[in-house]
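# Architecture and fold: a report
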Amino acid sequence: MEIPILKIEDFLIVSFQIELSDHEIDMLRESILDKIKETGARGLVIDITALKTVDSFMARSLSSIADTATLLGARTVVVGMQPAVALTLVELGLRIKWKIITALNLESGVNLLRKSLKSGKEMVHE
Amino acid sequence: MSEDTLSVRNEMDIISVRGFGRNVAAQLGFGVVDQCRITTAISELARNIVVHGGGGSVTIKTIQNDKKGIEIICKDKGPGIRDMELALKGGFSTVGGLGIGLSGAKRLMDEFQITSFTGKGTTVMIRKWLK
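The present account deals with the structure reproduced in this document. Positions within a chain are numbered from 1, following the residues in the order the chain's sequence is written. By the order in which they are written, chains take letters starting at A while ligands take numbers starting at 1. In keeping with the model being predicted, local features are shown solely for residues with a pLDDT of at least 70 and side-chain atom pairs are shown and tallied solely at 80 or more, while totals for entire chains, interfaces and linings include all residues.

### Points about the overall build of chain A
Check the secondary structure of chain A and you find four helices and five strands. Counting from the N terminus, the helices are the DSSP runs of H or I reaching at least four residues and the strands are the DSSP runs of E reaching at least two. Each helix and strand of chain A, ordered N terminal to C terminal, gives the series β-β-α-β-α-β-α-β-α. Oriented by its inertia axes, the alpha-carbon framework of chain A measures out at about 35 × 35 × 20 Å. Out of the 126 residues in chain A, the part that is buried amounts to 33%. If you take every contact in chain A between residues at least 6 apart in sequence, the share linking residues at least 24 apart comes to 77%. Residues with at least 20 neighbouring C-beta atoms inside 10 Å of their own are called buried, those with 12 or fewer are called exposed, and the rest are partly exposed, where every C-beta is derived from the backbone. By definition, residue pairs are in contact when their C-beta atoms, positioned from the backbone, come within 7 Å.

### Here we look at the pairing of strand β2 (residues 56–64) of chain B
Residue and element names in this part refer to chain B. For two strands to pair, DSSP has to find at least two bridges joining them. With six bridges joining them, strand β1 (residues 3–8) and β2 adopt antiparallel strand pairing. Directly across from Val 8, in β2, lies its bridge partner Gly 56. Note: β2 against strand β3 (residues 68–76), nine bridges, orientation antiparallel. Bridge pairing links Ile 60 to Ile 72 in β3. Where β2 folds back onto β3 in an antiparallel hairpin, the turn is made up of three residues.

### Considerations on helix α2 (residues 56–71) of chain A
Expected span, for any helix, means 1.5 Å times one less than how many residues it has. If you check α2(A), its first and last C-alpha atoms are 22 Å apart, about what 16 residues at 1.5 Å a residue would give, namely 22 Å. Restricting attention to buried positions, one finds in α2(A) the residues A:Ser56, A:Phe57, A:Met58, A:Ala59, A:Leu62, A:Ile65, A:Ala66 and A:Ala69. Elements in contact with the buried residues of α2(A): α1 (22–39), β3 (43–47), β4 (75–79) and α3 (83–92) of chain A together with α2 (32–51) and α4 (101–108) of chain B. The first or second residue beyond α2(A) is A:Gly73, which carries a positive phi of 95 degrees.

Worth remembering: the numbers are spatial, not functional.
Written out as structure tokens, the structure reads:
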């Protein structure tokens, strides 16, 4: 299953539209990192609006994609987490281990990235 | 009352078994948040079966006493869990990862039972009741 990685301005947008297997997530991580290198993107938005389940593996993968993308110079923001998913993740006990920047939707995620890139500062929630 | 047993051998089975669980939970009348809790718990336990247990099965059934509920039994014939107390504490994993599969599944559900014999395998039973 090929997941499109879109480029707009100087950041990339990846939208998870189907449930991915562990292997597919690993493959996607590689394609994202390749694409960052190829395009010199300075930001990455991962949209998980369509995901109805985020288990610990998916959470750990998202966290690892964000960490490695940041090392390559692309700040990462995860957008569109469903309220039920957020609640479940907190109950699962993940919150303290998860250092991901998130935003409610694509628009606020993109704005957060734009601001952060412009000011050169770390992304912070307002 | 329904009861179905699905074989869990690989990653794709994790996705199908949790999808199946979601449908059963939705049909029983569980709300979106509980559906998410149940699906995530199944996903964690099914992954344990694939990663640690070398394959096994997941049985999903509807149950009833004075309330209706869902019961999920996850079985494998893997090496078993040597230190149960540590495994249930969370943050424990022998393969890497966040190691919160068991403790997470326990927190997400109403009832949790685990039996494990070294060299023989592990069975986890979880239940959630409709409020």
